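# A look at the structure
So the chains spell out like this:
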Amino acid sequence: MISLEDKVAIVTGAGAGIGRSHALALAERGAKVVVNDLGASVEGSGANTQPADAVVKEIREAGGIAMAEHSSVATPEGGEAIVAKALDEFGRLDILVNNAGNLQLSSFAKLDLHKIGEILDVHLGGAFYVSQPAYRAMIPQQSGRIIFTTSGVATFGNLGASVYGAAKGGIIGLLSVLQHEAARHNIRVNAVAPMAQTRMAADAQLSEYDEVTEASVQADLISPAVVYLASDECELNGEVWSVGAGTVARLFTARTQGIFKHPEREGPLTPEDIAENLSVIRDTEGFVEPESWPAEWAMVLDHFRVR
Ligand SMILES: NC(=O)c1ccc[n+]([C@@H]2O[C@H](COP(=O)([O-])OP(=O)(O)OC[C@H]3O[C@@H](n4cnc5c(N)ncnc54)[C@H](O)[C@@H]3O)[C@@H](O)[C@H]2O)c1
């Protein structure tokens, strides 16, 4: 039985959808939860204290411990305030679930470039603004779990979501680097890429599948993975899990074996070499997953030892 007894957790954007489910699930396992939510629309406008307050009420009625916090994750000051709430109310911080998010769709051609900050600041900015003060609070205790929320839109794409995809992809970049720094402090950072029917993903392609009921695509099917990643059981670091509708799978970035032409012994690489070897360059058989960018460099330089 995985327990979060004596743990203090923050869930951002926990007033609705997937974040609400995370907050309920973490509290059910014994964590004291700061329920952060700005109470914004799907697009990110407006503010309302009611969603976070209602989730706190729900947790308390179920016998759990929770406090509401209403700042926006989209500024450094908001991030500081959210983390301060956990430290002031509960005296420590063990778990941060970065979940708050908004969505605006536009084709790339029609995109209003003056508005891209409205998405980048919440998803990618928020990941920095809340995680840094949280991480700083975790360092002295040499333990902690940070969970980011990315999206399959970042890895596989979706029409009209260029800014959202870029913001969610930026989170994967942050995760890839932070995992190495966090490991030094026994802090684990991982991410989920959810799939659930919420107000943000209202249709979730359900209309094409008569055999799938709404109950099978609910937000609470994401939270078991977050509870696991938040627990001491989880020693994983830097992983991205796709979670939804009862599925859990790992998403990862890898390198194909590719080609190598020794620049001195075999002559400089030419565009024609590339054209002739496209199938080898793109062949995923025998892919490798370097554990860091320096490790990838070492793999490249190892070619010189072999030849
Ligand atoms: N639903 C899906 O299938 C899906 C897929 C991939 C990723 N996601 C991601 O999962 C997360 C949760 O999405 P959801 O589907 O539950 O959406 P949702 O719209 O139901 O919930 C998002 C919550 O975030 C809050 N929020 C928005 N901006 C905020 C801000 N600046 N500060 C604090 N809170 C803010 C909103 O008030 C809302 O309660 C998001 O990061 C989203 O991008 C969802």
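Residues numbered from 1 in each chain as written. Predicted model: local features only at pLDDT ≥ 70, side-chain atom pairs only at ≥ 80, totals over all residues.

### Points about the overall build of the chain
Rule in force here: By the criteria applied, helices consist of DSSP H or I runs no shorter than four residues and strands consist of E runs no shorter than two, each listed in order from the N terminus. Note that the radius of gyration is over C-alpha atoms, with the globule rule given as 2.2 Å times the number of residues to the power 0.38. To sort residues by exposure, count the other C-beta atoms lying within 10 Å of each residue's C-beta; 20 or more gives buried, 12 or fewer gives exposed, and values between give partly exposed, all with C-beta atoms placed from the backbone. Contacts are defined on C-beta atoms placed from the backbone: any two residues whose C-beta positions lie within 7 Å are in contact.
Regarding its fold elements, the chain presents 10 helices and 8 strands. Over its C-alpha atoms the chain spans a radius of gyration of 21 Å, differing by no more than 12% from the 19 Å that the globule rule assigns to 307 residues. For the C-alpha atoms alone, the extent of the chain along its principal axes is close to 70 × 45 × 40 Å. Put simply, the chain has 307 residues, and 41% of those count as buried. Taking the intrachain contacts of the chain between residues at least 6 apart in sequence as the baseline, contacts between residues at least 24 apart amount to 69%.

### Comments concerning the site of the ligand
Filter applied, for reference: Nearness is defined per residue: the C-beta atom, placed using the backbone, must lie within 6 Å of the molecule or strand. Gly is put with the polar residues, along with every residue not named as nonpolar or charged; the nonpolar set is Ala, Val, Leu, Ile, Met, Phe, Trp, Tyr, Cys and Pro, and the charged set is Asp, Glu, Lys and Arg.
Surveying the vicinity of the ligand reveals 34 residues, the closest of which are G13, A16, G17, G101 and T198. Here the residues of the shell around the ligand sort into 17 nonpolar, 15 polar and 2 charged.

### Some points on unusual backbone geometry
It is generally the case that most residues other than glycine have a negative phi and that most peptide bonds are trans. A positive phi is found at D6, a non-glycine position, where the angle reads about 70°. The exposure class assigned to D6 is exposed, which follows from the 10 C-beta atoms found within 10 Å. The backbone phi angle of N186 is positive, close to 60°, even though this residue is not glycine. With respect to the helices, strands and loops of the structure, N186 is situated in the loop between α6 (162-183) and β6 (187-195).

### Overview of the sheet that holds strand β1 (residues 8-11)
Defined as follows: Strands pair, by our definition, only if DSSP identifies at least two bridges between them. Where helices are involved, their axes are fitted lines through C-alpha atoms of the stretch in contact, as for all axes, and angles between N-to-C directions lie from 0 to 180°.
Taken in spatial order, the 8 strands make up an open sheet running β3-β2-β1-β4-β5-β6-β7-β8, and their pairing is mixed. Every other strand in the sheet has two partners, leaving β3 (65-69) and β8 (247-251) as the edge strands with one partner each. Neighbour-to-neighbour, the strand axes of this sheet turn through a mean angle of 20°, independent of strand direction. Relative to β6, strand β5 (residues 144-149) is paired through 6 bridges, and the arrangement is parallel. Across the sheet, F148 pairs through a bridge with A191, a residue of β6. Packed onto the sheet, helix α2 (residues 50-61) meets β2 (32-36) and β3 and runs at close to 175° relative to β3.

### Topic: the domain arrangement of the chain
Put simply, the rule reads: Marked domain ranges trace back to an automatic or database domain assignment.
Looking at the chain, the domain boundaries give domain 1 (8-251) and domain 2 (254-307). Look at where the C-alpha atoms of domain 1 and domain 2 centre, and you get two points 37 Å apart.

### Thoughts on the nonpolar core
For clarity, the cut-off: Each nonpolar core consists of buried Ala, Val, Leu, Ile, Met, Phe, Trp, Tyr and Cys residues. Their C-beta atoms, within 7 Å, join them into a set.
Within the largest apolar cluster, 75 residues are counted, with the highest numbers of intra-cluster contacts made by I10, A23, L26, V33 and V35. Residue contacts for I10: discarding those within four places in its chain leaves V34, N36, I82, V83, A86, L93, L96, V97 and A134.

### Remarks on the pairing of β2
When you tally the buried positions in β2, you get 5 out of 5 residues, the bulk of the element. Residues K32, V34 and N36 point to one face of β2 and V33 and V35 to the other, with burial holding for every one of them. Looking at chain direction, β1 and β2 are connected through 4 bridges and run parallel. Paired with V11 across the strands is V35, a residue of β2. Relative to β3, β2 runs parallel, the two being bridged by 5 bridges. Looking at β3, one finds that N36 is bridged to E69.

### A word on the packing of helix α3 (residues 76-90) against helix α4 (residues 117-138)
The test is simple: The cut-offs work like this: below 35 degrees is roughly parallel, past 145 is roughly antiparallel, 65 to 115 is roughly perpendicular, and the gaps in between are oblique. The sense of a crossing depends on the near helix, which, turned anticlockwise from the far helix by less than a right angle, makes the crossing left-handed and, turned clockwise, makes it right-handed.
Two elements in contact, α3 and α4, have axes whose closest approach is 7 Å; the angle formed by their N-to-C orientations is 40°. By the angle between their axes, α3 is oblique relative to α4. α3 and α4 meet at a crossing whose hand is right-handed. Taking contact as the criterion, the partners of P76, G78, G79, E80, I82, V83 and L87 in α3 are, on α4, Y129, V130, Q132, P133, A134 and A137. Class assignment for the residues of the contact of α3 with α4 results in 9 nonpolar, 3 polar and 1 charged.

### Examining the pairing of β8
With 0 of 5 residues buried, β8 is to be regarded as a mostly surface element. Alignment of strand β7 (residues 240-244) against β8, held across 5 bridges, turns out to be antiparallel. Within β8, the residue paired with W241 across the bridge is R250.

### Observations regarding the packing of helix α1 (residues 17-28) against α2
It is the contact of α1 with α2, at a shortest axis distance of 10 Å, that shows an interaxial angle of 25°. Comparing their axes, α2 and α1 come out roughly parallel. Classified by chirality, the crossing of α2 by α1 is right-handed. Packed against α1, whose contacting residues are R20, A23, L24 and A27, the element α2 presents V55, E58 and I59 at the interface. Residue classes in the contact of α1 with α2 are distributed as 5 nonpolar, no polar and 2 charged.

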